[in-house]
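Structural features, examined
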Amino acid sequence: MKNLNGAATMAAIVSVGVGSAAIAQDRQSLPPVPVKTAPAPTQATAPTPVMVPPPPTVAIESEEEKSSLFETLTKSANTRLDPEQRAQALLDDIPVNVAVEPMTLAEMFTRTELLHRSVAIDVPVKLAPQSGDEPTGNVWHTGDAPSNRLLLQTNARAASAATATMTWKDGSVSDVELYEARFRSTKDPRSLTSLNGKVYCATKLKAPSGEEDACLIDRDMDGTFDEYAFIAERSGKSVHGAVVLTAAIPMVTPAPYTVRTEGLPQLKAEWTTCGKDWDLPFYQLRLAKDEHGDVTDGGRGSYYGDPYCAKSTTFESMTPEQKGARIARMGPAVAEISSKKSGAAIQMRRLLSTDELYRIEARDKFAPLSVGFAPQQAQLAANQEHDRLPYQSTGEISAVEGEFKTGEHFITAGFRHGYTGVVTEEVKIRTLLSSRSVEGGLPVYGVPAKRTTVTYGGYGGVIPNTPAVERNIDIDVIWCLPTREEVPLVDKRNRPTGNFKVEWTATCLPDNNMGQHTILKDQSPALAVRSMRMNVDISTNDGPPPVAERPDADFGAPLYFRYSIKEASKNLYTLTEEVLLGDEVTSSTEIVIIKDEDGKALIEIGGGSYALEPVGEAYKLTPMLPVREGEDGRIKGLDIQALMRRLLQNLDR
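**Side note on the overall build of the protein**
- Helix and strand counts for the protein come out as six helices and 40 strands.
- By the burial criterion, 49% of the 653 residues in the protein qualify as buried.

Structure follows, in structure tokens:
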């Protein structure tokens with residue numbers, strides 16, 4: 001079966017099938033929208049940004065009063081959403097003088113610009129021969145997991161290092177050390193940067209303002225770094241885990257540098273056990289000590305379930321030196337394992353290659369560069385190909401003035417879909433006993449969707465058929481249209497009552513990776529489908545669905561998101577989010593937002609923001625930053641699933 005799930009966002013496009021079905025025949029009879037909508041804020045009408053003042057300092061015992069959660073969130077939102085504050089924050093954060101005007105710099109860090117100014121990089125690390133005093137361990141072959149999981153250890157080092165003479169913002173000059181990196185193409189169709197030049201990166205780069213994580217780029221390869229860039233994605237704390245840099249900015253004062261390949265910091269790599277066996281042990285190859293001499297804090301394996309847990313292979317080109325011993329290849333190393341009777345002690349016999357290049361991935365695991373993208377790079381490539389937000393603000397928003405209570409609507413915001421089109425010809429899917437169709441000429445909307453193939457086994461088991469470490473993400477736009485159906489109501493005796501219940505669903509036109517498309521009806525929500533399932537044996541037509549992309553598809557009435565407070569807990573507000581087509585609610589869902597100890601919360605929507613705070617038994621909204629057309633049309637809620645994934649990734653099981 002095909003399972004399409006996810007949702008397109010700036011950071012990660014893992015969206016799903018989108019929903020919609022044939023458009024209701026009586027669409028033109030829809031009554032007018034019952035909500036008051038205001039035009040998009042202009043310079044004349046936009047509310048003045050409300051700045052939250054910093055907390056006052058307290059002289060008692062030389063301590064400062066901590067900012068509240070609301071103040072912290074507001075400062076972060078202002079920095080992201082307000083161009084002037086974003087420009088100032090960036091200028092404060094960059095330790096060198098840059099040859100870019102402040103507002104141009106702020107524009108570089110808007111959502112779409114930043115996405116297309118981001119590039120994939122690898123900071124390669126090589127394994128090096130042992131020094132001779134490395135510790136060894138014993139293979140886990142019996143009993144419970146050992147407390148010491150070490151098997152083998154060897155040295156590692158960067159490909160090369162550069163010493164650059166930096167002129168800092170305060171006028172001081174000092175030398176810094178960076179390590180060789182290499183650009184990796186994501187085939188960005190709208191790239192705003194170049195892959196030319198030499199690039200070197202560092203973590204804990206010592207600047208007068210503190211330690212920085214950054215990359216320096218020599219575009220014309222003349223021996224001076226002329227651009228400063230941020231490390232946007234990194235696994236672990238080592239620079240060799242850096243996989244994405246963003247927003248390369250020209251420096252006022254170029255930094256001359258020299259390169260060396262000798263005398264590099266000595267890192268430590270170790271093989272640790274992650275599963276029980278004797279002659280062919282399970283292992284993980286991980287970074288144990290980084291370029292700063294710090295011991296890494298990555299987990300040492302979660303046994304068989306860890307995607308980086310590998311099993312040794314036989315190596316017949318070498319003979320054991322000990323009686324009853326075995327030879328096993330553990331990736332780039334060949335090891336000898338003593339007999340079970342002698343404790344299954346392990347020692348390295350040979351390091352097969354000191355030229356292969358690696359990067360550091362999740363939990364400080366070594367991954368050869370030859371395997372392709374790191375997961376973050378694969379996600380970047382998918383985001384760059386499908387860079388439009390699925391639900392974009394029209395700039396129209398109606399916010400309640402005065403107090404409101406739980407259950408009352410307090411924000412109604414207009415939106416449009418980022419991807420829209422029209423069905424160019426009738427689509428008909430025939431089966432043995434029936435058929436289903438979609439008329440030509442109907443408008444559709446699309447959402448970038450991640451295809452995931454799964455096998456459904458007995459007792460409800462689901463087996464993903466995708467790699468545990470995703471190095472390519474199968475993304476495509478799935479087209480859908482909303483359908484309105486009036487379902488007759490019946491009484492207890494199954495007799496018609498003359499009344500009807502309106503049901504909104506979606507009909508979608510997904511295609512599979514074999515180039516075939518089908519029709520899936522009764523999907524939901526009607527205007528914001530988030531997932532769908534496509535059986536492998538479903539009837540299909542050859543080729544992609546006959547849809548031509550067109551801007552601003554007309555679904556017969558304006559589209560809105562409408563919000564009310566459902567309930568408040570100690571730390572969270574639960575909001576009800578409704579999707580409206582005209583005045584009809586087509587679907588509803590719940591989102592949660594964080595509130596501080598005083599009940600204040602920040603509402604982010606459409607690139608703008610509001611302060612939400614309690615007033616007795618009621619609530620009030622205070623406008624802070626104006627909504628902007630084209631930004632995310634939904635209220636930014638707390639991503640519980642993302643938090644759980646991050647928590648699970650950080651567990652040392």
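There's more to say after this.
**Description of the packing of aromatic side chains**
- For the coordinates displayed, the defined rule picks out 13 aromatic pairs.
- With 6.1 Å between their ring centres and 85 degrees between their planes, Tyr 391 and Phe 415 make a pair best called edge-to-face. Of this pair, Tyr 391 sits in strand E20 (residues 391-399) while Phe 415 is found in strand E22 (residues 409-417), placing the two residues 24 residues apart along the sequence.
- For Phe 415, a relative accessible area of 3% puts it in the buried group.
- Here Tyr 391 and Phe 561 contribute two aromatic rings whose centre-to-centre distance is 6.0 Å and whose plane-to-plane angle is 90 degrees, an arrangement assigned as edge-to-face. Within this pair, whereas Tyr 391 is found in strand E20, its partner Phe 561 is found in strand E35 (residues 559-568), the two being separated by 170 residues in sequence.

**Topic: helix H1 (residues 69-81)**
- With 13 residues, H1 extends 18 Å from end C-alpha to end C-alpha; this agrees with the ideal 18 Å at 1.5 Å per step.
- If you check which residues of H1 are buried, you get Phe 70, Thr 74, Ala 77, Asn 78 and Leu 81. Along the axis of H1, the buried positions cluster into a sector of 100 degrees, meaning they face one direction only.
- Looking at the buried side of H1, the elements it contacts are helix H2 (83-93), strand E38 (601-605), strand E39 (608-615) and strand E40 (618-625).

**Looking at the nonpolar core**
- Within the largest apolar cluster, 43 residues are counted, with the highest numbers of intra-cluster contacts made by Ile 411, Leu 575, Ile 603, Ile 605 and Leu 612.
- When neighbours within four sequence positions are excluded, Ile 603 is seen to be in contact with Ile 411, Leu 575, Ile 593, Gly 608, Ser 609, Tyr 610, Leu 612, Leu 621 and Ile 635.
- In this structure, Leu 178, Ala 214, Leu 216 and Phe 230 belong to the second largest nonpolar core, which totals 29 residues.

**Quick word on the state of the cysteines**
- Counted by the stated rule, this structure contains three disulfides.
- Sulfur-sulfur distance for the disulfide between Cys 480 and Cys 508 comes to 2.1 Å. Across the S-S bond linking Cys 480 and Cys 508, the dihedral sits near 110 degrees, which makes this disulfide right-handed. Of this pair, Cys 480 sits in strand E28 (residues 475-490) while Cys 508 is found in strand E29 (residues 496-509), placing the two residues 28 residues apart along the sequence. An identical accessibility class is assigned to Cys 480 and Cys 508; each is buried.

**A short note on the sheet that holds E40**
- Across the sheet, which stays open at both edges, the four strands sit in the order E21-E40-E39-E38 with antiparallel pairing between neighbours. This sheet does not close on itself; its edge strands, each paired only once, are strand E21 (403-404) and E38.
- Where E38 lies against E39, five bridges are found, and the strand directions are antiparallel. Each bridged residue has a counterpart across the sheet, and for Ile 603 the counterpart in E39 is Tyr 610.
- Taken strand by strand, H1 contacts E38, E39 and E40, and its axis lies near 20 degrees from that of E38.

**Considerations on the pairing of E39**
- Of all the eight residues making up E39, six are buried; the element is thus mostly covered by neighbouring parts of the structure.
- In sequence, E38 turns back onto E39 through a hairpin of two residues, with Gly 606 there showing a positive phi of about 60 degrees.
- Summarising the sheet, E39 and E40 pair through seven bridges and their orientation is antiparallel. Along E40, the bridge assignment pairs Glu 613 with Lys 620.
- Hairpin remark: E39 followed by E40, antiparallel, with two residues in the connecting loop; positive phi at Gly 616, about 65 degrees.

**Comments concerning the confidence of the model for the protein**
- In this model, the protein carries an average pLDDT of 85, and 84% of its residues clear a pLDDT of 70 or more.
- Low pLDDT, under 50, characterises residues 1-64; the stretch is placed with 199 contacts to residues that sit more than four places away or in other chains.

**Digging into the packing of H1 against H2**
- At a minimum axis separation of 5 Å, H1 and H2 run at an interaxial angle of 100 degrees. Classed by the angle they form, the pair H1 and H2 counts as roughly perpendicular. Across the interface between the two elements, Asn 78, Thr 79, Arg 80 and Leu 81 from H1 touch Pro 83, Gln 85, Arg 86 and Ala 89 from H2.
- Each residue belonging to the contact of H1 with H2 can be placed in one class, and the counts come to three nonpolar, three polar and two charged.

**Digging into the pattern of salt bridges**
- Tallied over the entire structure, the rule returns 33 salt bridges.
- Here Asp 491 ties to Arg 495 by a salt bridge, and the two come within 3.1 Å at their closest N and O atoms.
- With relative accessibility at 27%, the residue Asp 491 sits in the partly exposed group.
- By sharing partners, the salt bridges in this structure join Asp 122, Arg 184, Arg 359, Glu 361 and Arg 471 into a single network.

**Overview of the side chain of Glu 227**
- For Glu 227, the position within the fold is in strand E9 (residues 224-234).
- On the accessibility criterion, Glu 227 (14% relative accessible area) is buried.
- Side-chain polar atoms of Glu 227 contact the side chain of Arg 219, separated by 2.9 Å.
- Beyond its immediate stretch of four places on either side in the chain, Glu 227 contacts Cys 215, Leu 216, Ile 217, Arg 219, Ala 248, Ile 249, Pro 250 and Met 251.

**Structural notes on the sheet that holds E35**
- Spatially, the five strands line up as an open sheet ordered E20-E22-E35-E36-E37, and their pairing is antiparallel. Edge strands, defined here as strands with exactly one partner in the open sheet, are E20 and strand E37 (584-594). For this sheet the average axis-to-axis angle between neighbouring strands, irrespective of direction, equals 30 degrees.
- Bridge count between E20 and E22: six bridges; the pairing is antiparallel. Paired with Ile 397 across the strands is Ala 413, a residue of E22.

**Describing the pairing of E40**
- Where E21 meets E40, two bridges bridge the pair, whose relative direction is antiparallel. Considered in E40, the bridge of Glu 403 is made with Lys 620.

**Some details on helix H5 (residues 375-385)**
- The buried count for H5 comes to eight of 11 residues, which makes it a mostly enclosed element.
- Listing the buried residues of H5 in full gives Gln 377, Ala 378, Gln 379, Leu 380, Ala 381, Ala 382, Asn 383 and Gln 384.
- Contacts from the buried residues of H5 go to helix H4 (111-116), strand E2 (118-122), strand E6 (173-184), strand E10 (242-260), strand E18 (358-361) and E28.

Criteria and cut-off values
- Residues numbered from 1 in each chain as written.
- Predicted model: local features only at pLDDT ≥ 70, side-chain atom pairs only at ≥ 80, totals over all residues.
- Heavy atoms only, no water.
- Helix = DSSP H or I, 4+ residues; strand = E, 2+ residues; numbered from the N terminus.
- Buried < 20%, exposed > 50% of the residue type's maximum accessible area, 1.4 Å probe, protein only.
- Phe/Tyr/Trp six-rings, centres within 6.5 Å; stacked < 30°, edge-to-face > 60°.
- Expected span 1.5 Å × (residues − 1).
- Arc of directions from axis to C-beta.
- Contact = heavy atoms within 4.5 Å.
- Core = buried A, V, L, I, M, F, W, Y, C linked by side-chain atoms within 4.5 Å.
- Disulfide = S-S within 2.5 Å.
- Pairing = 2+ DSSP bridges.
- Axes fitted to C-alpha atoms, helices over the stretch in contact; angles between N-to-C directions.
- pLDDT = per-residue confidence, 0-100.
- Parallel < 35°, antiparallel > 145°, perpendicular 65-115°, else oblique.
- Nonpolar A, V, L, I, M, F, W, Y, C, P; charged D, E, K, R; others polar.
- Salt bridge = Lys/Arg side-chain N within 4 Å of Asp/Glu carboxyl O.
- Polar contact = N/O pair within 3.5 Å; in protein donor to acceptor, adjacent residues only side chain to side chain.

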